[in-house]
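Secondary and tertiary structure notes
Read off the chains here:
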Amino acid sequence: MKEIFEAIKRSAIKIKWLIENEDTGYSKNINSTGDTQLKIDIKSDLVIEEEFRKISSVKEIISEEKEKKTAINENGRYFVGYDPLDGSSLLDVDLSVGSIFGIYENGYSGTDLKAVVYVVYGPRLELVIAHEDVKLYKFTEKGEFIFNQVIKLKEKGYLNAPGSTQGCWSKKHKQMIDDIFASGYRLRYSGGMVPDLHQILLKGGGLFSYPSTTDRPKGKLRMIFEVFPFAFVFEKAGGAAIDGKKRLLDLSPTHPHDTTPCFFGSNEEIKLVIKYNE
Ligand code: AFP
């Protein structure tokens, strides 16, 4: 596992360099989810694959940018599902973006997840490892990631990050979001899952939601690359993550790019989501 964390750290430093120096324009390719790939999405994906090819413990990888799984090392133990550059459409306006890595064993169900790493490319380069607990590391002038703090959610927060557009929400979901704001929560939503969830985690709690919508009944966010990894992080940090009713980590995808509605938060906010979905 340690060599996977180290490979991700090396990738993060290289991707940060790409973000600061490379063209953030579109390529001619369309990925499996139907998004036109940015040139930097493709380059970041290659950086990560190259680093995983150097180590022995990775058996297989599946990237958000690729349709199919890629075999790495027959004798490897872990399967890594990753989104090389999540929220990359925010790069042209210079907002924070991130990379997400789910480290699985045996397969790609929520219960196969053994550890998670995510990287935040913001004004600073930060990396979070969720294994036994959730640890934040900051990249320093020494050229390495230094441990900063253990991330622990409070029972209740004050931030609300509601995804998608209101016009596509169900009446029930709109009512819940309205009630949350009426009870004093503040809106914090950049459109980048990594920085939006990182903010909730570091500010003690709140709710991030991407529900079933009229245009996307199964939600937008992908189980293997986005949803399971953050569900794991939130649970390890003392919070919870559900699809509206069920625990997200109890779900299994039937296709690598399957999506699901998702709600991540501290315990009080998730209890509220359950109440509204009864
Ligand atoms: P992009 O990778 O296309 O920028 O999408 C980012 C993302 O998958 C995730 O990071 C955000 O939380 C979510 O989309 C935002 O979606 P909405 O704009 O529909 O709220």
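No experiment lies behind these values; they were computed from the predicted model shown.

Quick notes on the packing of aromatic side chains
- Within this structure, the stated rule accounts for eleven aromatic pairs.
- Here the aromatic rings of Phe 52 and Phe 101 are separated by 6.2 Å at their centres, their planes lie at 90°, and the arrangement is edge-to-face. Taken together, the residues Phe 52 in helix α2 (residues 39-53) and Phe 101 in strand β6 (residues 97-105) connect sequence positions 49 residues apart.
- Grouped by ring-pair contacts, the aromatic residues Tyr 189, Phe 208, Phe 234 and Phe 264 constitute a single cluster.
- Over the ring of Tyr 137 we find Lys 9; its NZ or CZ atom is 5.3 Å from the centre of that ring.

Side note on the site of the ligand
- Neighbouring the ligand are 16 residues; Asp 86, Ser 89, Tyr 189, Met 193 and Tyr 210 lie closest to it.
- Asp 86 is positioned such that a nitrogen or oxygen atom in its side chain is 2.5 Å from an oxygen atom of the ligand.
- Between an oxygen atom of the ligand and a side-chain N or O atom of Ser 89, the distance comes to 2.6 Å.
- Protein burial of the ligand: of its 480 Å² of free accessible surface, 80% is covered by the chains.

As for the domain arrangement of the chain
- Splitting the chain by domain gives domain 1 (2-150) and domain 2 (159-276).
- The distance between the C-alpha centroids of domain 1 and domain 2 comes to 21 Å.
- Domain 1 puts 39 residues into the contact, and the matching count from domain 2 is 29 residues.
- Here domain 1 packs against domain 2, burying approximately 2500 Å² in sum over the two surfaces, 68% of which is carbon and sulfur.
- Three residues, Ile 100, Gly 110 and Tyr 118, lead the burial of domain 1 against domain 2; their summed loss comes to 19% of the area buried on that side.
- For the interface between domain 1 and domain 2, the tally reads one salt bridge.

Rules used throughout
- Residues numbered from 1 in each chain as written.
- Predicted model: local features only at pLDDT ≥ 70, side-chain atom pairs only at ≥ 80, totals over all residues.
- Heavy atoms only, no water.
- Phe/Tyr/Trp six-rings, centres within 6.5 Å; stacked < 30°, edge-to-face > 60°.
- Helix = DSSP H or I, 4+ residues; strand = E, 2+ residues; numbered from the N terminus.
- Lys NZ or Arg CZ within 6 Å of the ring centre and 35° of its normal.
- Near = heavy atom within 4 Å.
- Polar contact = N/O pair within 3.5 Å; in protein donor to acceptor, adjacent residues only side chain to side chain.
- Areas by Shrake-Rupley, 256 points an atom, 1.4 Å probe, with all protein chains shown as cover.
- Domains from an automatic or database assignment.
- Contact = heavy atoms within 4.5 Å.
- Buried area = accessible area lost by both parts, 1.4 Å probe.
- Salt bridge = Lys/Arg side-chain N within 4 Å of Asp/Glu carboxyl O.

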